[in-house]
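Spelled out, the chains give:
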There are 2 protein chains.
Amino acid sequence: MQRALSVSRMTGNKSTFPDWYQAIVREADMAEVSPVRGSMIIKPWGYGVWERIQQTMDRRIKEMGVDNAYFPLFIPLSFFAKEAEHVEGFAKEMAVVTHHRLKNIDGKLQPDPDAKLEEPLIVRPTSETIIGDAFSRWIKSYRDLPMKINQWANVVRWEMRTRLFLRTSEFLWQEGHTAHVSREDALASTLQALEMYREFSETVLAMPVIAGEKPENERFPGAEATYSIEAMMQDGKALQAGTSHYLGTSFSRAQNIRYQSDSGDLEFCHTSSWGVSTRLIGGVIMTHGDDDGLRLPPAIAPRQIVVVPMLRGKPEDAEVLAFAEGLVKALHEKFALGEPIRALLDTKDQKSSDKRWNWVRRGAPIIVELGPRDAASGQVTFMRRDNLRDGDKVQSQAMSRDDFVDAAPGLLAAIQQTLFEEAKASLDANIRGDLTTFDQVAEYFGKVSDEEEETSAFKGWVRASWSRPTGEALDAVEQRLKGFKLTLRNAPMNQPSSFGPCVFTGEPGVEEILIGRSY
Amino acid sequence: MQRALSVSRMTGNKSTFPDWYQAIVREADMAEVSPVRGSMIIKPWGYGVWERIQQTMDRRIKEMGVDNAYFPLFIPLSFFAKEAEHVEGFAKEMAVVTHHRLKNIDGKLQPDPDAKLEEPLIVRPTSETIIGDAFSRWIKSYRDLPMKINQWANVVRWEMRTRLFLRTSEFLWQEGHTAHVSREDALASTLQALEMYREFSETVLAMPVIAGEKPENERFPGAEATYSIEAMMQDGKALQAGTSHYLGTSFSRAQNIRYQSDSGDLEFCHTSSWGVSTRLIGGVIMTHGDDDGLRLPPAIAPRQIVVVPMLRGKPEDAEVLAFAEGLVKALHEKFALGEPIRALLDTKDQKSSDKRWNWVRRGAPIIVELGPRDAASGQVTFMRRDNLRDGDKVQSQAMSRDDFVDAAPGLLAAIQQTLFEEAKASLDANIRGDLTTFDQVAEYFGKVSDEEEETSAFKGWVRASWSRPTGEALDAVEQRLKGFKLTLRNAPMNQPSSFGPCVFTGEPGVEEILIGRSY
């Protein structure tokens, strides 16, 4: 069967998921590797998706009473010194700026030895310390609290093995940082961000997730509690798609973030932080892509309806173009999912069938092809990308122009809904809740070698009761899971009222936890 | 007279403009210096202005058929080597990354010598080379042209003397890069960007500018023509607020950006680039600020109408709050300047008079104060920030609630218009066109020492005919001007049909050029 993408998810019985992922990133024009190791170029179609994510999430962040601001890219090395003192064998993969000038010396361009910085600067891996430093100056009294700041920025964490959108040295993200009077307030804010991420993922990205608390060993260093949303990719692996941390007073103690209380005492603030990144785009690809390429939920599609005119260099072209222009104009006046419809007339000088397949690969939700007969009869012929084929055959629908314009908002809403429901059905069907011993879990997932892990068969996740061990007992659990390339994902927010015995120890269970392979 | 700001623009006959500028940046909560030399923290109110600039300009950029994308922060040193070969005494103030790991060695945190990069990386000072490199891969045929890409990003140019928003080592900007088949197309695109900047500055920032071509000695290195918009600050100095460059084929030759023409030949593209930065915010402050603080044009005010309830910890507070909430809700449903009105109810636990002065300093266009009597009578009392005082006295107006809600869109449009007209009248009145010899120009501006330059008396600009000398003759002109701390700004796009003799040489003039002191 002819497919629009060069690689399919499975070939025979073998998973080719990693190759398929690379093909979709490349062939859907999402991103490419750059001449700088570990960095990516986000191409216009991929960046358009990120802009949609930014706009729709930023609205939600502002509704939470959070203000955007911008903090410096460079952080003085001394800001990391305190952390280094406390962490044994501290070694951080970070980009270090040591000079502030290039000079041509003996015909060779190099860092100018006369321009060596007294103190090296670190390219921010996260802005916890520099924002905390600002908070310590900005917060004086309980009247200044809560303080809620968000930043959209680029960050750098040196990575040796990179994969576009999923793990790159430089990536784009948002980081929210809040300070509060009490533990209750800070925890409520942490959970509000988590719930915002869940609702955003499901409503905007059409990507079902499970929100829950990470086990102790997976906490952000220094956090009292770390929460995540976990999404299931089409190879059954988990993608941690967003995190929210309750930091207690450990960061405010380290950075002297204090407020004067009503009674005049100086108290430490309780703080939280939370973030999502361009990794979400990788999640969208691995949730909705198919063997013809990407399928974009209309809420984040830079163009929701693409009109491809079939032009033949003949006089009737003018009629086709005029009909197509009128259609796009009429669509722009309609609203779908609460915003004006984003339609495009693709007039590129290229064969219309090449253009059609190009938009199929890129995942435009609705693709319209218009020829002279359509223009003459006032008909519109279109494909829904969520439901491109009937068996092997590509299927299209026809409507009168006016009916199509009227139907467009409903069609886009239906595509958004269909993509979510498909992914939700797959998530629900692939969490096993019937395994009660570690042997059963081990047998179900099976051993895989390092090489096999990437292409291992679809298994999904297991949800099992556990006794929530801590310290060394938790380390032991982690080691046993590691033998099967498994990790603890999170303990879902929705828990039953009673629990079976712990899948690891046989002791009485206290909560249910998700187990699976992951990115 | 009591003013809301701690520093006024003049004290007696002495200009205190630089101190006033610093005071406004600080007291209007726009930005602050960071712990990293030369970098700034853009605070929420300042960043809110930048977000408005981004949103309103991004719409214009997209309407020009330009796509946004994102390119890496780091650029390999070798990308600068070619430039260094050609430029005598090449030395660039740029941040250089030399290591990718920090390590605790003998109790001291430092760059890990084992993690030294083979090739240093440069933090982008501009993305010309890395985007050009992508263009050379992306462009194959004339069908791919024009290619128009824009990036919103942070860039770094090491600066020794910094001033918030005007000159900082790190700043935020947009950079447009386009490639075309012909000189005509590329030049048209260059001028389209220039005109977009002019229209944007005047319509959105209410900042009148003069668009024109920079003289040869002020061109971007490698450009065939550089255009700018120049705005006049309230100390009479010019601020170059945006630039657009026609680069000919010099960049495409250096980076091998070629296309296959209709006839099958490989041809070099003609390219352009154009940018504006957070410097625009400095321009807004120095155009519209007064001795009470900032005055923000409604189109870029993060909050256009701020409602300050006068609360006294008494039972009638509830009524005042309910009235204020209803007012804000009604305002949010109205549109002004083509967008929903951005109103805020300021419920911070602070004295209402402190809050009022806070919003005066920050420049909120309309400030409403509501007390129990207003709530009882359904009245709204408000101040217009563009016209705060009658003589020394602060003036306010009163209207019924419904009348105010209906009048709000018109009031905001009127404030936008008033701020533009005030600045336009000042610009027009302060360009002298009657000086015909260099001696007259020199006498008018007068000599100032390095120390006096910052606080020199208001002079505005001179517009004079010149013969457009090049090479050494132009260098000589530059040197003569330098003695008076003057520079050539640009040759305005609108030129008369005949010219007097050259102000520098007495030879026949060929165009008019602006002369002034500048930032």
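Scroll up to find the structure.
This write-up is about the structure you can find in this document. Note that the structure is a prediction, hence the values are computed from the model and not measured.

## A word on the overall build of chain A
So, point 1. Along the backbone of chain A there are 14 helices and 33 strands.
So, point 2. Expected size for 519 residues packed as a compact globule is a radius of gyration near 24 Å; at 26 Å, chain A falls within 12% of this value.
So, point 3. Dimensions of chain A, computed from C-alpha atoms along their principal axes, come out at roughly 80 × 65 × 60 Å.
So, point 4. The buried share of chain A, reckoned over its 519 residues, is 58%.
So, point 5. For chain A, the share of sequence-separated contacts (at least 6 apart) that also reach a separation of at least 24 residues comes to 70%.
So, point 6. Of the roughly 21,100 Å² of accessible surface on chain A, a fraction of 47% belongs to carbon and sulfur atoms.
So, point 7. Here chain A contributes 63 positively and 74 negatively charged side chains, and the mean placements of these two sets differ by 3 Å.

## Considering the relation of the copies chain B and chain A
So, point 1. Overlaying chain B with chain A gives an RMSD of 0.0 Å, the required rotation being 180 degrees about an axis along which the chain moves by 0.0 Å. In the structure described here, the two chain copies are related by an operation that fits a two-fold rotation axis. Across chain B, the rotation axis passes nearest the C-alpha of V97 of chain B, at a separation of 2.1 Å.
So, point 2. The residues that chain B uses at the interface reappear at the interface of chain A in 100% of cases, marking a shared surface.

## Observations concerning the environment of A407 of chain B
All names here are of chain B.
So, point 1. Tracing the sequence through the fold places A407 in helix 11 (residues 401–429).
So, point 2. Given the relative accessible area of 23%, A407 is considered partly exposed.
So, point 3. Considering only alpha carbons, one finds A407 and G222, 185 residues apart in sequence, at a separation of 52 Å.

## Description of the interface of chain B and chain A
Buried accessible area, meaning the area lost when the parts come together, often serves as the stated size of an interface.
So, point 1. With 71 residues of chain B in contact, the opposing surface of chain A contributes 71 residues.
So, point 2. Roughly 5,700 Å² is buried in total at the junction of chain B and chain A, and carbon and sulfur atoms are behind 64% of that figure.
So, point 3. Taken together, the links from chain B to chain A amount to 10 salt bridges.
So, point 4. Partitioned by chemical class, the residues of the side of chain B that touches chain A number 43 nonpolar, nine polar and 19 charged.
So, point 5. As paired strands, strand 8 (residues 96–99) of chain A and strand 8 (residues 96–99) of chain B are joined by three bridges and run antiparallel to one another. Each bridged residue has a counterpart across the sheet, and for V96 of chain A the counterpart in strand 8 of chain B is H99 of chain B.

## Looking at helix 8 (residues 317–332) of chain B
Residue and element names in this part refer to chain B.
So, point 1. For helix 8, which comprises 16 residues, the first-to-last C-alpha distance of 22 Å matches the rise-based estimate of 22 Å (1.5 Å per residue) to within 8%.
So, point 2. Restricting attention to buried positions, one finds in helix 8 the residues D317, V320, F323, A324, L327, V328, A330 and L331. Along the axis of helix 8, the buried positions cluster into a sector of 160 degrees, meaning they face one direction only. Away from its buried face, by an angle of more than 90 degrees, helix 8 presents the exposed residues A318, E319 and K329.
So, point 3. In this structure, the buried side of helix 8 is in contact with strand 20 (305–309), strand 23 (343–345), strand 24 (366–370), helix 10 (372–377), strand 25 (379–384) and helix 11.

## Section: the pairing of strand 13 (residues 170–180) of chain B
Residue and element names in this part refer to chain B.
So, point 1. Among the 11 residues in strand 13, 11 count as buried, and that is most of the element.
So, point 2. Neither face of strand 13 is left uncovered, since the one carrying E170, L172, Q174, G176, T178 and H180 and the one carrying F171, W173, E175, H177 and A179 both have all their residues buried.
So, point 3. Pairing geometry for strand 12 (residues 147–156) and strand 13, over 10 bridges, is antiparallel. Opposite V155, over in strand 13, you have F171 as the bridge partner.
So, point 4. As paired elements, strand 13 and strand 19 (residues 270–277) share eight bridges and run antiparallel to each other. Pairing of H177 across the sheet is with S273, part of strand 19.

## A word on the sheet that holds strand 20 (residues 305–309) of chain A
Strand pairing in a sheet relies on backbone hydrogen bonds. The paired strands run either parallel or antiparallel.
All names here are of chain A.
So, point 1. What the five strands build is an open sheet, ordered 23-20-24-25-28; its pairing is mixed. Two strands lie at the open edges of the sheet, namely strand 23 (343–345) and strand 28 (397–400), each paired on one side alone. Sheet twist, expressed as the mean angle between neighbouring strand axes with direction ignored, is 25 degrees.
So, point 2. In this sheet, strand 23 lies alongside strand 20 in parallel orientation, the contact comprising three bridges. Looking across to strand 23, one finds that V307 is bridged to L345.
So, point 3. Packed on one face of the sheet, helix 8 (residues 317–332) meets strand 20, strand 23, strand 24 (366–370) and strand 25 (379–384) and runs near 165 degrees to strand 23.
So, point 4. On top of the sheet, helix 11 (residues 401–429) reaches strand 20, strand 24, strand 25 and strand 28; it is set at about 5 degrees to strand 25, its chief contact.

## Side note on the packing of aromatic side chains
So, point 1. By the definition in use, this model includes 24 aromatic pairs over all chains.
So, point 2. Between F220 of chain A and F251 of chain A, the aromatic rings sit 6.2 Å apart at their centres with planes inclined by 15 degrees, giving stacked as the arrangement. One end of the pair, F220 of chain A, is in the loop between strand 14 (209–213) and strand 15 (225–232); the other, F251 of chain A, is in helix 6 (residues 250–255), with 31 residues separating them in the sequence.
So, point 3. Ring geometry for F17 of chain B versus W20 of chain B: centroids 4.9 Å apart, planes at 35 degrees, classification tilted. Taken together, the residues span about one helical turn, with F17 of chain B and W20 of chain B both in helix 1 (residues 17–27) at a distance of three residues.
So, point 4. Assessed through its relative accessible area of 0%, W20 of chain B is described here as buried.

## Quick word on the pattern of salt bridges
So, point 1. In this structure the tally under the stated criterion is 78 salt bridges over all chains.
So, point 2. Taking the shortest distance from any N to any O, the salt bridge between E32 of chain A and R137 of chain B comes out at 2.3 Å. Within this pair, whereas E32 of chain A is found in strand 3 (residues 31–33), its partner R137 of chain B is found in helix 4 (residues 128–138), the two belonging to separate chains.
So, point 3. A single salt-bridge network, built from bridges that share partners, covers D29, E32, K43 and R362 of chain A together with D133 and R137 of chain B.

## Brief notes about the sheet that holds strand 29 (residues 431–432) of chain A
Residue and element names in this part refer to chain A.
So, point 1. Ordered by their spatial adjacency, four strands build an open sheet running 29-30-33-31, and the pairing between neighbours is mixed. Two strands lie at the open edges of the sheet, namely strand 29 and strand 31 (487–488), each paired on one side alone.
So, point 2. Sheet topology places strand 29 next to strand 30 (residues 461–466); two bridges connect them, and they run parallel. The residue of strand 30 that forms the bridge with R432 is V462.

## What to know about the environment of T470 of chain A
All names here are of chain A.
So, point 1. Its place among the elements puts T470 in the loop between strand 30 and helix 14 (471–482).
So, point 2. Relative accessible area serves as the criterion here: at 49%, T470 is assigned to the partly exposed category.
So, point 3. C-alpha of T470 to C-alpha of K355: the two residues are 115 residues apart in sequence and 56 Å apart in space.

## Topic: the side chain of D58 of chain A
So, point 1. Tracing the sequence through the fold places D58 of chain A in helix 2 (residues 44–63).
So, point 2. Overall, D58 of chain A belongs to the buried group, its relative accessible area being 11%.
So, point 3. For D58 of chain A, the side chain forms a polar contact with the side chain of W152 of chain A, separated by 2.9 Å.
So, point 4. Leave out the neighbours within four places in its chain, and D58 of chain A touches I53, N68 and W152 of chain A together with E51 of chain B.

## Structural notes on the side chain of S15 of chain A
Residues and elements named next belong to chain A.
So, point 1. If you trace the backbone, S15 turns up in strand 2 (residues 14–15).
So, point 2. Of the residues examined, S15 reaches a relative accessible area of 9% and is grouped as buried.
So, point 3. Side-chain polar atoms of S15 contact the backbone nitrogen of F17, separated by 3.3 Å.

Reading the values: the criteria
Residues numbered from 1 in each chain as written. Chains lettered and ligands numbered in written order. Predicted model: local features only at pLDDT ≥ 70, side-chain atom pairs only at ≥ 80, totals over all residues. Heavy atoms only, no water. Helix = DSSP H or I, 4+ residues; strand = E, 2+ residues; numbered from the N terminus. Rg over C-alpha atoms; globule rule 2.2 N^0.38 Å. Buried < 20%, exposed > 50% of the residue type's maximum accessible area, 1.4 Å probe, protein only. Contact = heavy atoms within 4.5 Å. Areas by Shrake-Rupley, 256 points an atom, 1.4 Å probe, with all protein chains shown as cover. Lys, Arg positive; Asp, Glu negative; His and termini not counted. Charge placed at Lys NZ, Arg CZ, Asp CG, Glu CD. Least-squares fit on C-alpha atoms with pLDDT ≥ 70 in both. Buried area = accessible area lost by both parts, 1.4 Å probe. Salt bridge = Lys/Arg side-chain N within 4 Å of Asp/Glu carboxyl O. Nonpolar A, V, L, I, M, F, W, Y, C, P; charged D, E, K, R; others polar. Pairing = 2+ DSSP bridges. Expected span 1.5 Å × (residues − 1). Arc of directions from axis to C-beta. Axes fitted to C-alpha atoms, helices over the stretch in contact; angles between N-to-C directions. Phe/Tyr/Trp six-rings, centres within 6.5 Å; stacked < 30°, edge-to-face > 60°. Polar contact = N/O pair within 3.5 Å; in protein donor to acceptor, adjacent residues only side chain to side chain.

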